Amino acid sequence: MTEINQNPEQIARDEIDARLTAAGWSVQPSKAIDHGAARGIAVREYQTSVGPADYALFATKRALGVVEAKPNSWGAKITTVEDQSAGYATAQLKWVKNPEPLPFIYEATGQITRFTDTRDPKPRSREVFTFHRPETLGEWQAQQKSFRAALHDLPALITDGLRDCQITAVTNLENSLKEDRPRALVQMATGSGKTFTAITQVYRLLKHAGARRILFLVDTKNLGEQAEQEFMSFVPNDDSRKFTELYTVQRLTSSHISPHAQVCISTIQRMYSILKGEDLTEGAEDENPAERIQLRREPLPVIYNAKLPPEFFDVVIIDECHRSIYNLWRQVIEYFDSFLIGLTATPDNRTYGFFQKNVVSEYTHEKAVADGVNVGNEIYLIETDVTQKGGQIRAEQLVEKRERQTRAKRWQSQDTDEAYAGTQLDRSVVNPDQIRTVIRAFRDKLPEIFPNRTEVPKTLIFAKTDSHADDIIQTVRQEFGEGNQFCKKITYQADDSKSVLSDFRNAYYPRIAVTVDMIATGTDVKPLECLLFMRDVKSANYFEQMKGRGTRVVKADDLKKVTPSAQAKTHYVIVDAVGVTRSVKTASQPLDTKPSIPFRDLAMGVMMGATDEDTVSSLAARLSRLDKQLGPDEQARITEKAGQPLSRIVRGLFDAIDGDRIETLARTTTGQADPDDAAMDAARDALVTEAANVFTGPLIELMDTIRRDHEQTIDHDTMDTLLNAAWAGDTTTNAQTIAQDFTDWLNEHRDEIEALTIYFTQPARRAHVTYPMIKSLLETLRADRPRLAPAYVWRAYAHLDAYKGTAPLSDLTQLVALIRRVAGLDEALTTTEDRTRRNFQNWLLRRHSGAGEKFTEAQMDWLRMIRDHIATSIHITRDDLDFAPFDAQGGLGQMHALFGSGMDAVLDEINEALSA
């Protein structure tokens with residue numbers, strides 16, 4: 001305990017003693033050294049050849065390092081004493097033979113600790129949470145090289161099986177580690193293999209750099225399970241064994257951490273609970289953010305944990321770091337004396353700031369699409385009257401009331417006319433016909449959005465709430481005329497969410513999944529081709545993450561396993577039914593930063609004296625939402641109980657945490673022109689306390705009752721009207737861009753692909769273009785430019801040429817028609833079937849118009865079969881006559897019997913005539 005009248009240096013020494021003791025050191029005076037007291041001893045005022053060191057550190061009688069102690073006031077200039085502490089480390093210790101300088105040097109005040117390992121290539125001091133344990137320093141000293149020195153021995157990266165973006169990320173990250181940069185940010189687009197890249201790096205650090213343990217941090221249980229699966233399936237490119245056969249991987253499901261684990265996977269919530277020595281609240285790992293902690297005025301800071309000292313991990317990798325590095329969780333990350341590596345697809349300015357702008361990889365979604373690593377998107381808009389304008393419920397109209405959670409229903413007469421806005425839909429008001437109109441438009445427009453499909457593409461619908469999700473599911477099943485398996489819910493509240501998610505990835509059913517937030521981010525569903533937004537999103541980062549669910553590439557064969565009629569995933573479609581692609585997005589944090597804390601606890605906390613900005617902001621946000629939902633009677637009840645309207649209570653709370661008001665009060669109160677933090681905190685506390693005086697137990701009880709019992713109004717009478725269902729943007733401009741891209745690709749390859757050479761420069765040889773030639777051309781196009789799929793390009797030309805017919809079912813015949821259109825052989829888009837039928841008629845007219853021999857009816861039957869074959873297969877040869885439909889009619893022999901020696905001439909003539 002600190003003694004009275006101690007000077008600042010003595011106070012700091014007591015605090016340093018306490019930290020050394022907690023880390024396992026026995027602090028002793030130089031006249032009473034006892035090596036048997038503990039594994040490590042810290043001797044005060046130990047004599048050296050240049051004077052007494054404040055502390056000399058020994059483990060098993062071997063000198064390891066020194067500590068230079070300074071009062072707390074030296075915190076801002078602690079680095080100026082590094083030469084002094086280095087002098088003690090290189091001096092000769094009394095009674096000890098230490099021919100080499102001591103490797104470990106600390107500078108410390110009562111508040112901060114800095115550490116230098118002199119064995120590093122370019123020794124640089126760094127701030128650490130506290131002193132390292134004696135066994136740690138002993139282990140480090142026994143190694144030939146420090147971890148930072150060993151990083152320079154990493155061999156050249158074997159690039160087999162790695163994408164260019166992954167090679168760049170690993171190479172640049174290793175350069176960053178070699179330069180001893182403490183933090184690094186890996187920005188890679190969703191679907192480009194961030195986790196695979198991270199595991200590649202982990203493998204190299206364990207194998208080649210002597211890393212002892214690496215922590216892989218996630219912020220939801222779902223992501224942790226996914227990461228564990230990736231570690232289990234990872235096979236390095238220099239070893240045939242799986243990662244988990246070479247190294248021990250432990251996903252933490254309790255507070256126990258195996259001493260043998262080289263990789264630990266943990267949610268940041270669990271790691272916080274382990275460091276705090278607290279039990280993890282049930283469900284805390286399911287949601288993001290998940291601040292399911294006991295309500296406190298301020299989150300209790302992370303304190304030293306001897307079972308998990310700061311040096312326990314050499315590297316900490318933070319997945320989805322853009323949402324894991326703030327507020328409460330930042331304490332967990334900064335506790336460890338480790339390299340920090342962040343993984344994200346969507347960094348914002350705060351992310352760049354936390355990682356000190358050390359961006360080792362910057363692989364954007366646009367680059368990923370250009371490289372074929374991701375697919376791009378198109379936007380299809382569905383606009384309805386009620387979605388945009390809301391509706392009107394008339395007085396004396398019989399309306400249904402439904403309790404939000406229990407779904408209990410009753411009918412009553414509407415007291416007064418009530419208008420509702422589109423933003424109230426599916427929260428305070430439900431209009432079943434609005435949901436039905438959107439779903440019906442989506443159903444009816446699917447042939448336009450996804451041509452030539454016989455089943456609904458794998459579709460994910462984003463709902464506002466669980467209640468909204470249930471309404472959508474029932475409507476989808478009805479409008480599509482399907483059963484329960486067709487459309488399923490995947491949310492945290494769904495009991496079978498894992499199995500449904502697995503089926504959504506790997507099985508035919510469900511075709512449509514509805515979610516609120518569970519698979520909005522971070523979950524891999526590669527066959528997903530359509531995202532239907534029935535909720536708006538204001539966060540730019542969150543919206544990018546949600547879009548990322550559709551961008552992942554999937555092999556054509558894997559896609560066909562769950563969507564048989566799909567040829568390839570060339571893009572995904574965002575169906576925007578709420579204006580999400582047009583609404584203003586912000587990178588700001590939500591006002592409600594404690595979404596998992598019950599409303600009652602928030603309000604009681606403020607009433608009892610909580611003044612921190614997060615709690616007050618969260619309560620104000622909840623009350624603001626409630627204020628918008630309440631009717632006049634409920635508003636009046638609250639006004640009567642509180643003595644002021646709810647809107648004024650909300651305004652008072654927001655004003656109490658307004659920075660300008662706080663600063664003004666702080667200036668007035670203290671007279672300081674530039675108030676310090678203490679003055680600002682005092683002013684905020686005063687403003688919050690004043691604003692919170694309105695709260696009483698009965699008022700909070702009334703608010704909570706109204707909030708819980710607040711009912712949704714089901715508007716059955718306002719019928720919705722579809723206003724628009726079309727591709728976003730200027731359709732003509734989009735079509736022109738696609739047509740130009742396709743034309744450019746054809747011209748680029750016209751001299752190297754035989755079929756293109758014939759169509760563009762050798763019209764006399766068009767009859768020699770065969771099915772295999774077109775198929776090879778299609779495969780080349782798909783591999784090189786998957787976005788220029790024939791169905792996609794066909795839609796563009798259909799718009800430009802005002803083509804009203806149906807598109808051909810076959811990609812091959814679509815491609816032939818498109819090539820002819822670009823090459824100028826057809827003035828407008830024409831199907832191969834229409835062209836062959838027209839050319840067939842013209843050929844027959846020419847044959848029959850003269851005095852030459854006319855075909856018999858039996859011969860005409862064969863010629864019609866040949867015509868239909870060419871319409872789908874481009875060309876006919878003698879060999880084709882041995883297959884359907886000709887084989888059933890006698891095949892090659894029958895045609896020879898009908899046409900005799902002129903058979904081959906007829907085949908050549910019809911090939912040439914129909915290819916014109």
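Just above sits the structure.
Read on for a plain summary of the structure. Counting restarts for each chain: residues are numbered from 1 in the order of the written sequence. Note on the predicted model: pLDDT of at least 70 is required for a residue's local features to be given, and 80 or more for side-chain atom pairs to be given and counted; whole-chain, interface and lining totals, by contrast, use all residues. For the side-chain quantities, the full set of heavy atoms in the structure was used; hydrogens and water were omitted.

**A few points about the overall build of the chain**
Heads up, the rule is: Every helix listed is a DSSP run of H or I at least four residues long, and every strand listed is a run of E at least two residues long, numbered separately from the N terminus. Summary of the burial criterion: residues with accessible area below 20% of their type's maximum are buried, those above 50% are exposed, and those between are partly exposed, where the area comes from a 1.4 Å probe applied to protein chains only. Any pair of residues with heavy atoms lying within 4.5 Å of one another is described as a contacting pair. Using the Shrake-Rupley algorithm and a 1.4 Å probe, accessible areas are obtained, with residue cover drawn only from the displayed protein chains.
Each helix and strand in the chain was counted, giving 34 helices and 27 strands. Residues classed as buried in the chain amount to 53% of the 916 residues present. Put simply, of all contacts in the chain between residues at least 6 apart along the chain, 69% involve residues at least 24 apart. Split by element, the accessible area of the chain, about 40,900 Å² in all, is 48% carbon and sulfur.

**Side note on the packing of aromatic side chains**
Test applied: Stacked, edge-to-face and tilted are the three classes for Phe, Tyr and Trp ring pairs, Trp counted by its six-membered ring, which pair at centre distances within 6.5 Å; planes under 30 degrees apart are stacked, over 60 edge-to-face, the rest tilted. Either the NZ atom of lysine or the CZ atom of arginine qualifies as a charge over a ring when it sits within 6 Å of the ring centre and within 35 degrees of the ring normal.
The tally for this structure, following the rule as stated, stands at 28 aromatic pairs. Relative to Phe 480, the ring of Phe 442 has its centre 6.4 Å away and its plane inclined at 65°; by these criteria the two rings are edge-to-face. One end of the pair, Phe 442, is in helix H14 (residues 432–449); the other, Phe 480, is in the loop between helix H15 (466–479) and strand E22 (487–489), with 38 residues separating them in the sequence. Considered together, Phe 442 and Phe 480 belong to a single accessibility category, that of buried residues. For the ring pair Tyr 508 and Tyr 509, a centre distance of 4.9 Å and an interplane angle of 85° mean the geometry is edge-to-face. Residue classification places Tyr 508 among the partly exposed residues on the basis of a relative accessible area of 32%. Joined through ring pairs, the aromatic side chains of Phe 196, Tyr 203, Phe 216, Phe 231, Phe 234, Phe 243 and Tyr 247 make up one cluster. Just above the ring of Phe 354 sits the side chain of Arg 183; from NZ or CZ to the centre is 4.2 Å. Stacked on the ring of Phe 840, the Lys or Arg Arg 867 has its end atom at 5.3 Å from the ring centre.

**A look at the nonpolar core**
In plain terms, the rule: As used here, the term nonpolar core means buried Ala, Val, Leu, Ile, Met, Phe, Trp, Tyr and Cys residues forming a set that is joined through side-chain atoms within 4.5 Å.
Leu 20, Trp 25, Phe 131, Leu 308 and Phe 336 are the most contacted members of the largest nonpolar core, which totals 48 residues. The leading source of residues in this core is helix H9 (residues 268–276), at 5 residues. When sequence neighbours within four positions are dropped, the list of residues in contact with Leu 308 reads Ile 257, Met 271, Ile 274, Leu 275, Phe 313, Tyr 335 and Phe 336. In terms of nonpolar packing, the next biggest core, distinct from the first, is built from 40 residues, Cys 165, Val 186, Met 188 and Ile 265 among them.

**Details of the packing of helix H26 (residues 731–749) against helix H28 (residues 771–784)**
We apply this condition: Lines fitted to the C-alpha atoms define the axes, with helices restricted to the stretch that makes contact. Angles between their N-to-C directions range from 0 to 180 degrees. Throughout, the term roughly parallel applies to angles under 35 degrees, roughly antiparallel to angles over 145, roughly perpendicular to angles from 65 to 115, and oblique to all others. Handedness of a crossing follows from how the near helix is turned relative to the far one, being left-handed for an anticlockwise turn of less than a right angle and right-handed for a clockwise one. We call Asp, Glu, Lys and Arg charged. Ala, Val, Leu, Ile, Met, Phe, Trp, Tyr, Cys and Pro are nonpolar, and the rest, Gly among them, are polar.
The contact between H26 and H28 brings their axes to 12 Å, and the two run at 120°. Looking at the two axes, H26 sits oblique to H28. The interaxial crossing formed by H26 with H28 has right-handed handedness. Contacts between H26 and H28 involve Phe 742, Trp 745 and His 749 from the former and Leu 777, Thr 780, Leu 781 and Asp 784 from the latter. Looking at side-chain class alone, the contact of H26 with H28 contains 4 nonpolar, 2 polar and 1 charged residues.

**Observations regarding helix H3 (residues 134–142)**
The cut-off we apply is this: Each C-beta atom gives one direction from the helix axis, and the arc is the one those directions make.
Every buried residue belonging to H3 is among Pro 134, Thr 136, Leu 137 and Trp 140, and all of these are buried. Summarising the axial view, the buried residues of H3 lie within an arc of 160°, below the 170-degree limit, and thus occupy one face. As for H3, its buried residues are in contact with strand E1 (25–29), strand E2 (40–48), strand E3 (51–59), strand E4 (62–69), strand E5 (104–108) and strand E6 (113–117).

**As for a negative patch on the surface**
The test is simple: Each patch is built from residues that are more than 30% exposed by relative accessible area and take part in no salt bridge. Like charges join if they lie within 9 Å; nonpolar side chains (Val, Leu, Ile, Met, Phe, Trp, Tyr) join within 5 Å. A side-chain nitrogen of Lys or Arg and a carboxyl oxygen of Asp or Glu constitute a salt bridge if their distance falls within 4 Å. In this tally Asp and Glu are treated as negative and Lys and Arg as positive; neither His nor the chain ends contributes. A charged residue contributes its charge at one atom only: NZ of Lys, CZ of Arg, CG of Asp or CD of Glu.
Where like charges cluster on the molecular surface, the negative patch consists of Asp 744, Glu 748, Asp 751, Glu 752 and Asp 784. If you trace the backbone, Asp 784 turns up in helix H28.

Structural measurements only, silent on function.
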